[in-house]
Amino acid sequence: MGNPFLKKISKLSVLALLAGSLASCGGGDSDPTPSPPPPPGGNGTSQVAFWLTNPDKSVLFKKQNVTLNFKAEANNNLTIDIDTTQAYQTVDGFGYTLTTGSAYVLNQMAATSRADLLKELFAVDNEEGTIGVSYLRLNVGASDLSPTVYSYQDVMGTAFSLAPDQAYYIPVLKEILAINPNIKLLASPWSPPAWMKTNNSPKGGSLRAEYYDDYAEYLVNYIQGMKAAGITIDAITIQNEPLHDGNNPSMYMSAQDQANFVKNNIGPALRAANLATKIILYDHNLDRVDYPISIMDDPAAKQYVDGSAFHLYAGNIAGMTTVHNAHPDKNVYFTEQWVGAPGDFSADLKWHMTNVVIGSMRNWSKNALEWNLTADQNNQPFTPGGCNTCLPAVTVNGNTATRNVAYYIIAHASKFVRPGSVRVKTTLLNAQNTEMFSTLQHVAFKNPAGKKVLLVLNETGSDQTFNIRYRGQIVSSTLRGGATGTYVW
């Protein structure tokens, strides 16, 4: 996370959100012969479960006691058509960054209170009371939301040590893994040790050429050390926000420098250590899609790369499709978006659902991550010069947890769009069967259990009644202006 006041959040066109739905990667419904959905449930049962969040907070990710059953009928409502025979990317998960600061405030809670909150966040079930977060980003060394600035080798010539993370960061992470052992973990460094850098400072500067091998060894030591602690790092990015060197900590890294480091140092080092940890490029804003594309254009670097990661403090979410189309054999990820404190629940819900969740998924992303998981009532801790207005998903004050907008943004996807889900085609049609590009933002998935999951945001200012059409039959629902619904059947 960089200094939010130095970042300009771009506005999206509605058309851009749909860019990722224009090309299919094949696949399709595992049911080879389409058939009508099951007959309407009797005795007041509902075929479709409906979870709702209203922008005025009158309903917050709550399952609705309504009967929604598919019927063979027609009306003049807008219709979201679901076509599971056209499939796109497979999803890895939804979540947040567990910063050192997040773990610090969680560690201050009483053990029973922390256990209850972690279960709510990470447990996987279909009942109310949990949201099933399935993906976490970690900081390698300090981020700007850590209590102090640190690395694992602050003094040149000393041994690498995970000791700074052993007091509370690793223990909290292991509590989370005990709840969900399959959660995916992405690790991102904000800075190498200062002695490896041109300015000998954790803030700014660049990686000195003579220390490229040392830094590769440092990252390998981190992955191996976490593995020894029972923590598997699924992927790493090379540098958080490499084009923003004003944060504390931070580092500037050009695309050419990152390409050189990947192909000559970290790529070969991971391979020599027999580590399967993925390398993900860039980890910065969508206004510079040329950065990761240029690296993947180099075959010597591309061979080590799984994909590219993005934030949206500048640029357009459709840039993820641009990168996907340039290198369709590589993945794209959405790894960070902050909410500025004190926040505007209605506006933030609308923007983040439109862009971070629905927008990223419609543009090929394998994940969607909001920024900080937890902080205290003063948005602390943060480093000197770090972000002091980053509103976490959950504010922790003593043993009291307050859920903020990012909690609900992720909950609408994470609970039912489980890892291994596949995005499927959705089309918004009017009564004349003409495709529409406004009023209802939407994305749908088929999850590993075979359930269909549809996320819908009513981006207008008034109530919208619409149809969900699946295999020729429809069910009708209504969302308030600005409301978000998750539909599962």
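What counts as what
Residues numbered from 1 in each chain as written. Predicted model: local features only at pLDDT ≥ 70, side-chain atom pairs only at ≥ 80, totals over all residues. Heavy atoms only, no water. Helix = DSSP H or I, 4+ residues; strand = E, 2+ residues; numbered from the N terminus. Rg over C-alpha atoms; globule rule 2.2 N^0.38 Å. Buried < 20%, exposed > 50% of the residue type's maximum accessible area, 1.4 Å probe, protein only. Contact = heavy atoms within 4.5 Å. Lys, Arg positive; Asp, Glu negative; His and termini not counted. Charge placed at Lys NZ, Arg CZ, Asp CG, Glu CD. Pairing = 2+ DSSP bridges. Phe/Tyr/Trp six-rings, centres within 6.5 Å; stacked < 30°, edge-to-face > 60°. Lys NZ or Arg CZ within 6 Å of the ring centre and 35° of its normal. Axes fitted to C-alpha atoms, helices over the stretch in contact; angles between N-to-C directions. Parallel < 35°, antiparallel > 145°, perpendicular 65-115°, else oblique. Left-handed = near helix turned anticlockwise from the far one by under 90°. Nonpolar A, V, L, I, M, F, W, Y, C, P; charged D, E, K, R; others polar. Bend = angle between axes of the 7 residues up to and from the residue. Core = buried A, V, L, I, M, F, W, Y, C linked by side-chain atoms within 4.5 Å. pLDDT = per-residue confidence, 0-100. Disulfide = S-S within 2.5 Å. Polar contact = N/O pair within 3.5 Å; in protein donor to acceptor, adjacent residues only side chain to side chain.

(A) Just the overall build of the protein, in detail. Per the secondary structure count, the protein includes twelve helices and 20 strands. Here the C-alpha atoms of the protein give a radius of gyration of 22 Å, agreeing with the 23 Å that 2.2 N^0.38 yields for 489 residues. For the protein, the spread of C-alpha atoms along the principal axes amounts to about 75 × 50 × 40 Å. Within the protein, the fraction of its 489 residues that count as buried is 60%. Sequence-distant contacts in the protein: of pairs separated by 6 or more residues, those separated by 24 or more amount to 73%. Both charge centroids of the protein, one from 36 positive and one from 39 negative side chains, sit 5 Å from each other.

(B) Seen up close, the sheet that holds strand β14 (residues 400-403). With mixed pairing, three strands are arranged side by side in an open sheet as β12-β13-β14. A single partner strand is all that each edge strand has here, and the edge strands are β12 (374-375) and β14. Pairing analysis gives four bridges linking strand β13 (residues 394-397) to β14, with the strands arranged antiparallel. Each residue of the ladder has a partner; that of Val 394, found in β14, is Arg 403.

(C) The arrangement of the packing of aromatic side chains in detail. One pass over the structure, following the stated rule, counts 23 aromatic pairs. Relative to Phe 160, the ring of Tyr 152 lies with its centre 5.5 Å away and its plane at 55°, an arrangement referred to as tilted. An aromatic cluster is built from Tyr 150, Tyr 152, Phe 160, Tyr 212, Tyr 215, Tyr 218, Tyr 222 and Phe 261, whose rings are joined through pairwise contacts. Between the NZ or CZ atom of Arg 423 and the centre of the ring of Tyr 88, over which it lies, the distance is 4.0 Å.

(D) The arrangement of the sheet that holds strand β15 (residues 422-429) in detail. Taken in spatial order, the nine strands of this open sheet run β2-β1-β20-β17-β16-β15-β3-β18-β19, and their pairing is mixed. In the strand order of this sheet, the two ends are held by β2 (62-63) and β19 (473-479), each with one partner. Across five bridges, the pairing between strand β17 (residues 452-458) and strand β20 (residues 484-488) is antiparallel. Considered in β20, the bridge of Val 456 is made with Gly 485. Contacts from helix α11 (residues 345-362) reach β1 (49-53), β3 (78-90), β15, β16 (440-446), β17 and β20, with the element oriented near 45° to β16. Relative to the sheet, helix α12 (residues 405-414) contacts β1, β17 and β20, its axis offset from that of β1 by approximately 165°.

(E) Summary view of the pairing of β16. Counting buried positions along β16 yields seven of seven residues, so the element is predominantly enclosed. Residues Leu 440, His 442, Ala 444 and Lys 446 line one face of β16 and the alternating positions Gln 441, Val 443 and Phe 445 line the opposite face, and both faces are buried. Relative to β16, β15 runs antiparallel, the two sharing three bridges. Its bridge partner being in β16, Val 422 is matched across the sheet by Lys 446. As judged from the seven bridges shared by β16 and β17, these two strands associate in the antiparallel manner. Within β17, the position partnered with Phe 445 by the bridge is Val 453. Counting the residues between successive antiparallel strands, the hairpin from β16 to β17 contains five residues, one of them, Gly 450, with a positive phi of roughly 90°.

(F) Layout of the packing of helix α3 (residues 111-122) against helix α5 (residues 169-179). Two numbers describe how α3 lies on α5: the axes approach to 10 Å, and their chain directions differ by 55°. When the interaxial angle is binned, α3 and α5 end up oblique. Crossing hand, α3 versus α5: right-handed. Across the interface between the two elements, Arg 114, Leu 118, Lys 119 and Phe 122 of α3 pack against Val 172, Glu 175, Ile 176 and Ile 179 of α5. Here the contact of α3 with α5 is built from residues that sort into five nonpolar, no polar and three charged.

(G) Focus on α11. The sharpest bend along α11 measures roughly 40° and falls at Met 353. α11 sits mainly inside the fold: 15 of its 18 residues count as buried. Phi turns positive one or two residues past the end of α11, at Trp 364, with a value near 80°.

(H) Highlighting the nonpolar core. Within the largest apolar cluster, 112 residues are counted, with the highest numbers of intra-cluster contacts made by Tyr 222 and Ile 266. Among all residues touching Ile 266, those that are not within four sequence positions of it are Ala 216, Leu 219, Val 220, Ile 236, Ile 238, Phe 261 and Ile 279. Counting 23 residues, the second largest nonpolar core, distinct from the first, contains Phe 50, Leu 428, Ala 444 and Tyr 487.

(I) Geometry of the confidence of the model for the protein. The share of residues in the protein with pLDDT of 70 or more is 91%, and the mean pLDDT across the chain is 93. At the low end of the mean pLDDT range in the protein sits helix α1 (residues 14-17), at 44; at the high end sits strand β10 (residues 331-336), at 99. Contacts of residues 2-43 to residues separated by more than four positions or lying in other chains number 105 contacts, the stretch itself having pLDDT below 50.

(J) The packing of helix α6 (residues 212-228) against helix α7 (residues 255-272), seen in detail. Put simply, α6 and α7 touch, their axes get as near as 9 Å, and they point 50° apart. Our classification of the angle between α6 and α7 gives oblique. Relative to α7, the crossing made by α6 is right-handed. Of the residues in α7, those touching α6 at Tyr 212, Asp 213, Tyr 215, Ala 216, Leu 219, Val 220 and Ile 223 are Asp 257, Asn 260, Phe 261, Asn 264, Asn 265, Ile 266, Ala 269 and Leu 270. Partitioned by chemical class, the residues of the contact of α6 with α7 number ten nonpolar, three polar and two charged.

(K) Region of the structure containing the state of the cysteines. Enumeration according to the criterion identifies one disulfide in this entry. Cys 387 shares a disulfide with Cys 390; S-S distance 2.1 Å. Where Cys 387 bonds to Cys 390 through sulfur, the torsion about that S-S bond is close to 110°, and the disulfide is right-handed. Summarising the burial analysis for this pair, Cys 387 and Cys 390 share the class buried.

(L) Structural detail: the side chain of Asn 139. Inspection of the secondary structure puts Asn 139 in strand β5 (residues 135-140). From its side chain, Asn 139 meets the backbone oxygen of Gly 141 in a polar contact 2.7 Å long. Beyond its immediate chain neighbours, meaning those up to four positions away, Asn 139 contacts Leu 98, Thr 99, Thr 100, Ser 146, Tyr 150, Tyr 152, Tyr 169, Ser 188, Trp 190 and Tyr 222.

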